[in-house]
Structures are given as structure tokens and as C-alpha cells.
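Coordinates in review
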Amino acid sequence: MNTTAVEALRLEGITKRFGALTANDAVSLSLNKGEVVALLGENGAGKTTLMNILFGQYAADSGTVHVFGKPLPSGNSRAALDAGVGMVHQHFTLADNLTVQENITLGAEPLLRIRADRQGARQRILDLSEKYHLQVSPDARVGTLTVGERQRVEILKALYRDVRILILDEPTAVLTPQEADDLFATLRLAIADGLSIIFISHKLHEVMAIADRVVVLRHGKVTGGVATKDTDKAALAAMMMGTQAQPPKVAAAMPGAVLLQLDQVCTPDQGSAPGLKSVSLALKAGQIIGLAGVSGNGQAALADVVGGTAKPTAGTLTLNGDDRLDWTPRIAVQSGIARIPEDRHKTGTIADFDLTENAILERYTAPDFSKSGWLNWRAARDFANAIITKYDVRCPGPDTPIRLLSGGNMQKLILGRTLEAAPQVILANQPVRGLDIGAVHYVHSQLLAARARGAAVLLISEDLDEVMALSDVIHVISDGRLSPGFARGELTPAQLGLWMAGQGFEDEMKHAS
Amino acid sequence: MEIVEILFTASFWAAAIRIASPLIFATLGEVICERVGVLNLGIEGIMVAGAFAGWMAVYSGTGLWIGVGVAMVVGMVFGLLHSTLTVPFGLSQHVVGLGVTLLATSSTYYAYRLALPEVTTPPKIDAFQPLEIPFLSDIPMLGEALFSQTPLTYLAFILVGIVSFVLYRTPLGLAVRAAGENPNAVAAQGLSVTAIRMGAVMVGSGFMAVGGAFLTMSAFDSFFFEMVNGRGWICIALVVFGSWRPGKALLGAVLFAAFDALQIRVQQTSFGTLVPYQIFLMVPYILSILALVIMSRRAEVPAALMVPFNKGER
């Protein structure tokens, strides 16, 4: 390390407990001016908690924070901002009904000032967005912006306050690869101007690309710190996981009978998202079908049709040869279709319900859990405990509200309740989004185990690597149209990319006509 | 047509503006509360308390404007109670609001009996008198309707302008609106959501009390039970009607008051004698419901309305 470097930030002995859980255990960390430190760790390792303490949103139980040599009072975001610490949260802190400019200037001026200098503020925002390539209109309402644009607003918010240390909490989790590249370009400009950055991420290649140094957290403790030039992805993964991470082995598929058949299914467009255009698809026992495609090309519509939350306007759905048009979510669940929903917070769980309630959410009317209208809580709790043990859900107990769990542990519970019902068909929509490598491998191995048991799996993912690694047959979805199925290894990623961009479909049309 | 003739008399519009004035104060107060994210159902009771407090202060010998100030302070005290329970403690805003209404109403009656134990007819005070604005009050129609009102009515209209300015043009107003849209955004800027919400609820409650005081100090000159008579609930609807905007809420208040003033006058026409008077009493409310249905379609509710904020919870 450069000994002449100015120390921007020093955390010493930070400890934070939530009830019985120790989220941070005597964590120490330092950051030099103009340096990028990546904070790497599994879900629930305590990365976000640590950064929330630095930003003053939580008060630490013990430990000190120094910013440019001066101590920072605990649990005071105002003091953190005044000292030059800014944070871009994973879940954006923007008000949708206010404009970009209003969101950026909020709190930047003394509250009791009679008149806001709106022209000056506007000019400053325009200057900053030009300088750092953060194109966004100051007058746009935040609710109308895309996720990528919202993140630009969040970064502008911090730059507008002249922060000298910027914390980015999983900034790329919500971005397309192109947007992530733009973000990195912006960050490099800011670093050149002397900004110091703490970058939280799961994605090892991003960490390698942007960080000077990596600090690894595991179970709330720092387990390692290394300069990126002295390490590689495999070594980082090992530090993060504690053991060398191995992707699961994929055995040869033995496809059986067709379980679920979609025939020429159409759905109406949903706003800017296209509906399905005459989609036919057969899900066979013991096979994983991967659905690749750029987000918003009809994946949601297909998932809705299979899961029963939307009805096709044309076409048929056949389960085990049985023609079903009165398809509802309940009938789908009762017929052995299990869903891993795309958004575990919105449609997968109920935040304030405990683990037991969430575990039986889809099947509380099944005879296992209720008899003549009475819930059998003992059976429900036993079921929840079984999932917790078998799927290694890290939590204080089955009575914990599920919102207190980290994303990975929440997903493990969903996975558990889905697979324990021994479903015939599994609809896995973005099953590993936002999970760390350990959890990803675990989810994948469970899906492969379900396949081996004879279940049909429909895997919808925006991650091409994931689709290619797991799927026996790959379909590409583009603008609501489904490509023919390609066997494992039949196409290269580049060829799949062409299909994802919508090429090849016209030829198909001609063949059909 | 008699009804059309009524619409062209200055006295009708003067009455409409007068009837609208307490609604304007209280609706403004509710707009402030809801904009910051707190539904204040204490409005009805706070108006009763304000009506009594202002009148009682003047009856005890203070000046009229001091009386208005007393009403404001009493309203703010109830606002403090409401916001303490709903903001830092995060209790149900419906339950707390109704509780505050019951408490404010009954403690007002209690105070009334304590202060005037033997009285059968409530005493009168020297209420605000109409203040004709020079020159402006000479404008035909408009002059009598708008510029020959009591000072409190002028204050109501001025307050609409001030509240609009503060909400949309000052950093404080931005913080208030942001607290009602996404309190996390406010907290992330190092501002205290609790302080902003409590402060806004207190000021809003103060305005509600002044709205009540208008009844005893400007519209009438005495205090009697059942005086507020559901005006607070009307204001809750007017907030929605006005899409949480002070200017539109003013429009709604005047519209409702115009219906009210109209039905009184129509009752006295030849047509009015043919129909039971209860029908006329109903009309403003029915028209309000219809207007509400039409207007509130596109209304944008503050996203964090009725959502308690707990710092440091995940």
C-alpha cells in the first residue's frame, strides 16, 4: 500500500447485534483517498449493516468511525453527510411522485430558507450530469424513470452534496450489462476527481474490474483483505465461501412424458411489455427447459400463464393430457405446479408474516395443514422447521417475520416450500437473482435434484450463463415470440445472443407459412 | 327560472364564501397532515375544541386576534398528542384520529360546563365584523361577494397562498412532501422524519382549530353544541377532491359551500315548498360525492400516507 496516501476512512471494531444475531463482529476497515474498496461477502454476511452504520442509519453497539481523521458520531446520517459520506442504497431512497430535481435538492439546503434557489440548483444538476455522464432530465418525475436512470439520480444526489466517500450497495444488481458499464465509466471519472468508493457486490468479475482492494466479510467478521492485482476470481470465491466453490455437476438428462403442454398460447400486451404471440412449449418429466431472453420480452407473461395468474386469450394448456382452460393459481398449485416467483419480496412472501406462515402460504388449504377449516399450526411449524433444517435457512426460528431474513435465506425458504411439495412441474423464474455464489450453487443443485426425481423444470433467467449451464433445452424469447428449442451445446452464446436480439424469428415465420 | 337568478346575486356568493371559510382552514390543515403522511381524523374534534377555545378566550376578555391564537395553540396541543402517538409510536392513524376527535369533543363540553356551570343560553361575544376593502369592495358583484367579508375569511384565502408557496417553493415544503412520499428518502438525507411529521401535524391541527374558531368568532358570535356538525369529515373528502393541493382544495371548499348556500335559498322558492326540505339538505353531500368520484380518479395519494416510519428497521 502507498504510504503517502491520505486515509479517507477508518472503521475500528464495529459490532452490531440485532437481538440474538450478531451482524457485525469487531469489523475494522480502512479506505484511502481515491481508492475503491470492494466489500465482498455472502448474503447475510453483514455488508449492508456495516455500511448503514457508517452512513449513520444504525447506531453501532461498539466501535468507532473516523472520516479524514475526524471521529463521526454514531447513528447520525446528517453528520455522515456533512463529513462527506454518501450512500447509494440497494433499494433506492427516492420519492416517485417528486421530480428528479426535488429528489436531489431534498435536504441539501437549510430547511428554513424562505426560497429555494431553483435555477441555481437546476444548473448545478445539469453541470454534474454532463461532467459525469449521468444523463437525466431534472424535471422528469422519478416514477417515470427506468431503474438505470433512478440510479443515476441516486448518484447525482450524492455528488450534489459534494461527498468525498461514496458507498454503493450492490449497484449493478438491477442494471443491464450496458448500464453497468456506463456506471463504471462514471465511477472512474469520479475517482479521478478524488472520490473514494466502497463497492458492495456479489459479482466477482465486477469486483476485479473496478476495485483496488477487496475486503471479505463472512458471518459478520472480516476474513480477508487483498489487493485485486494479487488475486483472482477463484481465490476471492474461496475467501467468501470459506471453501472452494464448485458448480454442481450436471448428469445426462432422461426426459420422460410431456407433463405440461402449451399450444399456440397468446396473451395481450401489458403496457410496454409484449404479450405472448402463439407460443407452444412442451415441458417433459426429468428435463430442464431454459428460457433465455432480454428482460421484458414476454417472460413475465409466460410465467403468469403457467402459474395461473393470467389467462391466455387464445391457445390451450394441457396438463398430463388433460385440457384445462379454467386455469387459476390454486388449480395450478393443486395440480402439482410449483412456482419460484420472480420477485420474492412482492409476490413470493408476505414480509410481516413469520416463516411458518410463509412456508404454508401456497398450500394452507391442503389436508396436511388444515382440516375442516381449522389450521393445524403444529404441522405448519414442523414443516417450517423441516425446511429450515434441510435447506439451511439461517434465522432465529420459525416465528421470525420473514422480512428480517436476508434475500438468500428468504429464497431458500421459498425453494424449500416449493420442492417439499414434490411438484411435477417447477416454474423457476429468476431463482438466483441477487444471491451469492454459495446460494446460487445450492439452488441449482436442488433444481437438478428435482430433475433427477422426474420433475419438469422451466427455468426463466436473464443470466445466459445460468441458462446454458442448467438447461437441457434452451428456448429464446424475444418480443413475445418463442424460438425453437436448442439442445445443450447446440448454440454458442453469440448465436443465442442473436436470437435474443430478435434475429432468426422472421425466417421461422416464413417456414411456418 | 328562480334558481338561475339566485346564482347571479352577490349575496349568494357572499354567503358561499362565508360558509367556505372554516372549510378552507380545516382542509388546508388536513392537506398539510396528509402531505406529510399522517391521516388526521382528529379534525372534527379539533374544530370543536378550536371553536370553543377561541370564543372562550374572547369571552374572558382577550382581543379577537388573541382568541384566534389561543384556538391555534389548542389545536397544536391536540396535534402534538395525535402525532406523538402516530409518528414515533407508529400507532394506527385511524384509531388515534377517532380517539382524538372523541377526546377533544368531550373535553370541550367538560370545559364548557366547568367555565359556565349555570348558563342555559351561551353568552355572545363581539365577533369579527365585515371589513370592506377600499376600492375592491366597490366592484359590482365581486366586491360584495369577495371583499366585504370578515378578516378571518381574508386570512383563509391568504393562507392558501402561503401554504402553496411553502409546499412547492421552499426546502421545508419539499421535505414535508418527501416525508409523505418516501420517508426513507428524507432519512437518507440526514433529516428527521419524526420531527418533520410531528411539526406538520401540529401546524395542520392548529389550522383546523382556527377553522372551528371561525364558526364562533366570525360566522356566529356564540358557542353551542353540535356547532361543527360534520364539517371536519367534509374536509377529509375535500382533501381528496383537491388532490392534496391547497389551491384545488380551496376550489372544492367554495364549490361545496355554494351548493350549501344554494339549497338554503332554493328551499325558500315556490319550487322549494313542494319538496321536503331534507332533500335539499342532502343535495350538497350528494353532489360532493359525485364530484369526488369524478375528481379523485386521477388523484395522486401521497405514497406513504398512513405508513409509519421506523428508523433502523429492515
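Conventions and cut-offs
- Residues numbered from 1 in each chain as written.
- Chains lettered and ligands numbered in written order.
- Predicted model: local features only at pLDDT ≥ 70, side-chain atom pairs only at ≥ 80, totals over all residues.
- Heavy atoms only, no water.
- Helix = DSSP H or I, 4+ residues; strand = E, 2+ residues; numbered from the N terminus.
- Expected span 1.5 Å × (residues − 1).
- Buried < 20%, exposed > 50% of the residue type's maximum accessible area, 1.4 Å probe, protein only.
- Contact = heavy atoms within 4.5 Å.
- Salt bridge = Lys/Arg side-chain N within 4 Å of Asp/Glu carboxyl O.
- Axes fitted to C-alpha atoms, helices over the stretch in contact; angles between N-to-C directions.
- Parallel < 35°, antiparallel > 145°, perpendicular 65-115°, else oblique.
- Left-handed = near helix turned anticlockwise from the far one by under 90°.
- Nonpolar A, V, L, I, M, F, W, Y, C, P; charged D, E, K, R; others polar.
- Patch = residues over 30% accessible without salt bridge, like charges linked within 9 Å, V, L, I, M, F, W, Y side chains within 5 Å.
- Areas by Shrake-Rupley, 256 points an atom, 1.4 Å probe, with all protein chains shown as cover.
- Pairing = 2+ DSSP bridges.

Residue and element names in this part refer to chain B. The first and last C-alpha atoms of helix α7 (residues 151–169) sit 26 Å apart over 19 residues, in line with the 27 Å expected at 1.5 Å per residue. All buried positions along α7 are accounted for by P151, L152, T153, Y154, A156, L159, V160, V163 and L167. Considering only its buried residues, α7 is in contact with α2 (10–35), α4 (64–86), α6 (142–146), α8 (171–181), α10 (193–219) and α12 (246–267).

This brings us to the pattern of salt bridges. Residues and elements named next belong to chain A. Per the stated rule, a full pass over the model turns up 22 salt bridges over all chains. As a salt-bridge pair, R403 and D352 come within 2.6 Å of each other at their nearest N and O atoms. Here the residue R403 occupies a position in the loop between α13 (377–390) and α14 (407–420), and D352 occupies one in the loop between α11 (344–348) and α12 (355–359), the gap between them amounting to 51 residues. The exposure class assigned to R403 is partly exposed, which follows from its relative accessible area of 26%.

The residue A:R451 is located in helix α15 (residues 437–453) in this model. When near neighbours in sequence (up to four residues on either side) are disregarded, A:R451 contacts A:V250, A:A251, A:A252, A:A253, A:G286, A:Q287, A:I288, A:D472 and A:R488.

Residue and element names in this part refer to chain B. Look at helix α11 (residues 231–241) against helix α13 (residues 277–295): their axes get within 9 Å of each other, and the N-to-C directions meet at 30°. By the angle class used here, α11 and α13 are roughly parallel. Classified by chirality, the crossing of α13 by α11 is left-handed. Here α11 contributes I234, A237, V240 and F241 to the contact with α13, which in turn contributes Y285, A291, L292 and M295. Along the lines of polarity and charge, the residues of the contact of α11 with α13 split into eight nonpolar, no polar and no charged.

Moving on, we come to a nonpolar patch on the surface. Where nonpolar side chains cluster on the molecular surface, the patch consists of B:L136, B:I139, B:M141 and B:L142 and spans about 310 Å² of accessible area. Tracing the chain through its elements places B:M141 in the loop between α5 (93–115) and α6.

This part takes up the sheet that holds strand β4 (residues 62–67) of chain A. Sheets are built from strands that pair by backbone hydrogen bonding, the pairs being arranged parallel or antiparallel. All names here are of chain A. The four strands lie next to each other as β2-β1-β4-β5, forming an open sheet whose pairing is antiparallel. Here the strands that pair on one side only, and so sit at the sheet edges, are β2 (21–32) and β5 (70–71). Judged from the eight bridges that link them, strand β1 (residues 7–18) and β2 form a sheet pairing that is antiparallel. Pairing of R17 across the sheet is with T22, part of β2.

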